[in-house]
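So the chains spell out like this:
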Amino acid sequence: MTTESTLTKLHEMRLSAMAEQFHEQLRNEQFNELSFEDRFALMVDIEWSRRKNNKLDRIIKGANFRYPQACIEDIEYHTDRRLDKYQILRLASGDYIQGKHNLIIKGASGNGKSYLACAFGIAACRQFYTVKYVRLPDLLEELAIARGEGIYKKVMKAYKKADLLILDEWLLTSLRENEARDLLEIVESRHQVASTIFCSQFDIQGWYEKIGEGTLADAILDRIIHDSYNIFIDGETSMRERHGIKE
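Residues numbered from 1 in each chain as written. Predicted model: local features only at pLDDT ≥ 70, side-chain atom pairs only at ≥ 80, totals over all residues. Heavy atoms only, no water.

1. So, the environment of Tyr 159
Moving on, step 1. Along the chain, the position of Tyr 159 falls in helix 8 (residues 152-161).
Moving on, step 2. Owing to a relative accessible area of 3%, Tyr 159 belongs among the buried residues under this scheme.
Moving on, step 3. Here the alpha-carbon distance between Tyr 159 and Val 131, two residues 28 residues apart in the chain, equals 9.5 Å.
Moving on, step 4. Not counting chain neighbours up to four residues away, the residues in contact with Tyr 159 comprise Lys 132, Val 134, Leu 139, Glu 142, Leu 165, Ile 186 and Arg 190. (Helix = DSSP H or I, 4+ residues; strand = E, 2+ residues; numbered from the N terminus. Buried < 20%, exposed > 50% of the residue type's maximum accessible area, 1.4 Å probe, protein only. Contact = heavy atoms within 4.5 Å.)

Structure (structure tokens):
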């Protein structure tokens, strides 16, 4: 069996990283000092790492994050933000996802809720959970269009099955009754089955008014508030001002 034949077969089996490492081992005589087992293990490790990295890239890209470069390590713990670093690191470990619990991130506009939510999302991706990020106004519009095009169930299924769903700009505006029913469908299907992050400018007491219809509001919030960890981001100076253009 020729070297070229072996390389061709590795590429045909989509083992490109192994093929590259095999070629490097043939080129570099230093690898001759290693045993066959060590050389083969090295090729397998490189192929495995490449596939894991590619899978992570696909998961992050598929999540559609607003801030795809967000990460827990870059969170800024300014005193006025009043963030609990221990709580954030503990949640970033993914225990809340394993336990099928939710996160509620509250704070004024510009205080970094979306970034923090995306950082939690990236942390979940690193653990190979499936994540989906969407602004609530965009989600409601997408569902309305899907209903008109006859693909409502298909679109709804995508939001139901993600291990972690991030709903940004949660209840930024008041809902119509059909929108509240759509939210109940999602919240009910994910309750104690999968995790959701809710990012809101408003305290929970204000959510009832935004949802409108009393029975739907009770049903939606009953499935959220009793099963969620809460994070409040304060700030005398908004993050937009901190990172904006300085004159």
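After that view, the rundown keeps rolling.
2. Notes on the packing of aromatic side chains
Moving on, step 1. Across all of its chains, the model carries five aromatic pairs by this definition.
Moving on, step 2. Considering the side-chain rings of Phe 36 and Phe 40, the 6.0 Å spacing of their centres and the 15° angle between planes classify their relative orientation as stacked. Residue Phe 36 and its partner Phe 40 are both found in helix 3 (residues 36-63); the two are separated by four residues, about one turn of the helix.
Moving on, step 3. According to the relative accessible area criterion, Phe 40 is partly exposed, its value standing at 40%.
Moving on, step 4. Taken together, a centroid distance of 6.0 Å and an interplanar angle of 50° make the contact between Tyr 67 and Tyr 115 tilted. Residue Tyr 67 is located in the loop between helix 3 and helix 4 (85-92), and its partner Tyr 115 is located in helix 6 (residues 113-126); the two are separated by 48 residues in the primary sequence.
Moving on, step 5. Looking at Tyr 67, the relative accessible area reads 32%, which means it is partly exposed.
Moving on, step 6. Each residue in the set Trp 170, Phe 198 and Trp 207 is aromatic and connected to the rest through ring pairs, giving one cluster. (Phe/Tyr/Trp six-rings, centres within 6.5 Å; stacked < 30°, edge-to-face > 60°.)

3. Regarding the pairing of strand 4 (residues 195-200)
Moving on, step 1. The buried count for strand 4 comes to six of six residues, which makes it a mostly enclosed element.
Moving on, step 2. Here strand 4 shows two buried faces, one formed by Ser 195, Ile 197 and Cys 199 and the other by Thr 196, Phe 198 and Ser 200.
Moving on, step 3. Examined bridge by bridge, strand 1 (residues 102-107) and strand 4 share four bridges and lie parallel to one another. Bridging across to strand 4, Lys 106 finds its partner in Ser 200.
Moving on, step 4. Handedness of the crossover joining strand 3 (residues 164-168) and strand 4 through helix 9 (residues 177-190) is recorded here as right-handed. (Pairing = 2+ DSSP bridges. Right-handed = clockwise from strand over helix to strand, strands pointing away.)

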